[in-house]
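Each chain, written out:
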Amino acid sequence: MNEIIVQTKSRTDFINITRSVQEFAEKKQTRDGLITVFVPHTTAGITINENADPDVTADMETVLDRMVPWNGGYLHREGNTAAHVKTSLMGSSVQVIVQDGQLALGTWQSIYFCEFDGPRTRRVWMSEFPA
Ligand code: ZN
């Protein structure tokens, strides 16, 4: 397993970590296989989406805020229920195919770390198969 540290800058923050995952594949000399990228947090998740137009992640933030307002009369006393729910909507892991040493992503796809209760220092774990 390999860990990278992500420093988020605001309550909600989508950070493109594709380069770090590609570097992990190169370090492990993975030619053909799978990399699992896992976020070990309950108020930050991960997703794959468009990298060309930054308005896409901005719009995702807008839609998630509409779906799950920060103040919603929730029970959880820590006061960050919206962050927990958004994390489950995005998910805690993605799996990417490695082919000839390169991440097999679509032209417009990147891997985004999704912060929902920042700013914080976060961790991302990566594991490759076969090891
Ligand atoms: Zn909480």
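Look a little higher up for the structure.
What you see is a predicted model; the values in this text were computed from it and never measured. (Residues numbered from 1 in each chain as written. Predicted model: local features only at pLDDT ≥ 70, side-chain atom pairs only at ≥ 80, totals over all residues. Heavy atoms only, no water.)

### Notes on the overall build of the chain
Next up, step 1: Helix and strand counts for the chain come out as three helices and eight strands.
Next up, step 2: Secondary structure of the chain in N-to-C order comes out as β-β-α-β-β-α-α-β-β-β-β.
Next up, step 3: The C-alpha atoms of the chain give a radius of gyration of 15 Å, which matches the 14 Å a tight globule of 131 residues would have.
Next up, step 4: Taking the principal axes of its C-alpha atoms as reference, the chain extends roughly 50 × 30 × 20 Å. (Helix = DSSP H or I, 4+ residues; strand = E, 2+ residues; numbered from the N terminus. Rg over C-alpha atoms; globule rule 2.2 N^0.38 Å.)

### Observations concerning the nonpolar core
General note: in soluble globular proteins, nonpolar side chains tend to be found buried as a group.
Next up, step 1: Counting residues in each nonpolar core, the largest one holds 19 residues, and the members touching the most others are Ile17, Val21, Ile35, Val37, Ile111 and Val124.
Next up, step 2: Secondary-structure elements contributing two or more residues to this core are β1 (2-7), α1 (18-27), β3 (32-38), β4 (44-50), β5 (93-99), β7 (109-115) and β8 (121-129).
Next up, step 3: Each residue touching Ile35, except ones within four places of it in the same chain, is listed here: Val21, Phe24, Ala25, Val94, Gln95, Val96, Val98, Leu103, Ser127 and Glu128.
Next up, step 4: Counting residues in hydrophobic clusters, the runner-up holds seven residues, among them Phe14, Met60, Ala83 and Phe116. (Core = buried A, V, L, I, M, F, W, Y, C linked by side-chain atoms within 4.5 Å. Buried < 20%, exposed > 50% of the residue type's maximum accessible area, 1.4 Å probe, protein only. Contact = heavy atoms within 4.5 Å.)

### Section: the sheet that holds β5
Next up, step 1: Reading across from one edge, β1-β8-β3-β5-β6 is the order of the five strands in this open sheet, with antiparallel pairing throughout. Each edge of the sheet is formed by a strand with only one pairing partner; in this case those strands are β1 and β6 (102-103).
Next up, step 2: Pairing of β3 with β8 involves five bridges; the strand directions are antiparallel. For Thr36, the partnering residue across the bridge sits in β8 and is Ser127.
Next up, step 3: Packing of α1 onto the sheet brings it into contact with β1, β3, β5, β6 and β8, and relative to β8 it is tilted by some 40°. (Pairing = 2+ DSSP bridges. Axes fitted to C-alpha atoms, helices over the stretch in contact; angles between N-to-C directions.)

### Considering the pattern of salt bridges
Next up, step 1: Applying the stated criterion to the full structure yields four salt bridges.
Next up, step 2: Measuring nitrogen to oxygen at the nearest pair gives 3.5 Å for the salt bridge that ties Arg123 to Glu3. Of this pair, Arg123 sits in strand β8 while Glu3 is found in strand β1, placing the two residues 120 residues apart along the sequence.
Next up, step 3: We classify Arg123 as partly exposed; its relative accessible area is 38%.
Next up, step 4: The class of Glu3 is partly exposed, set by a relative accessible area of 37%.
Next up, step 5: The partner of Glu115 in a salt bridge is Arg122, with the nearest N and O atoms 2.7 Å apart. Residue Glu115 shares its accessibility class with Arg122, and that shared class is buried. (Salt bridge = Lys/Arg side-chain N within 4 Å of Asp/Glu carboxyl O.)

### Focus: the side chain of Asn2
Next up, step 1: Topologically, Asn2 is positioned in strand β1.
Next up, step 2: Engagement of the side chain of Asn2 in a polar contact is seen with the side chain of Lys27, the distance being 2.7 Å.
Next up, step 3: In this structure, Asn2 is in contact with Phe24, Lys27, Val124, Trp125 and Met126, ignoring residues within four places of it in sequence. (Polar contact = N/O pair within 3.5 Å; in protein donor to acceptor, adjacent residues only side chain to side chain.)

### Section: the coordination of the zinc ion
Octahedral six-donor coordination of a metal ideally yields angles of 90 or 180 degrees, compared with 109.5 degrees for tetrahedral four-donor coordination.
Next up, step 1: His76 (NE2), Glu78 (OE), Asn80 (OD1) and His84 (NE2) make up the full set of protein donors to the zinc ion, lying at 1.9 to 2.2 Å.
Next up, step 2: Every donor counted, the four donor atoms about the zinc ion form angles of 91 to 146° at the centre, which fits irregular coordination.
Next up, step 3: Sequence positions of the residues that donate to the zinc ion give the spacing H-x1-E-x1-N-x3-H.
Next up, step 4: Classification of Asn80 by relative accessible area gives buried; the value is 3%. (Donors = N, O, S within 2.8 Å, 3.2 Å for Na, K, Ca; no water. Tetrahedral: all angles 85-135°; square planar, octahedral: opposite > 155°, others 65-115°.)

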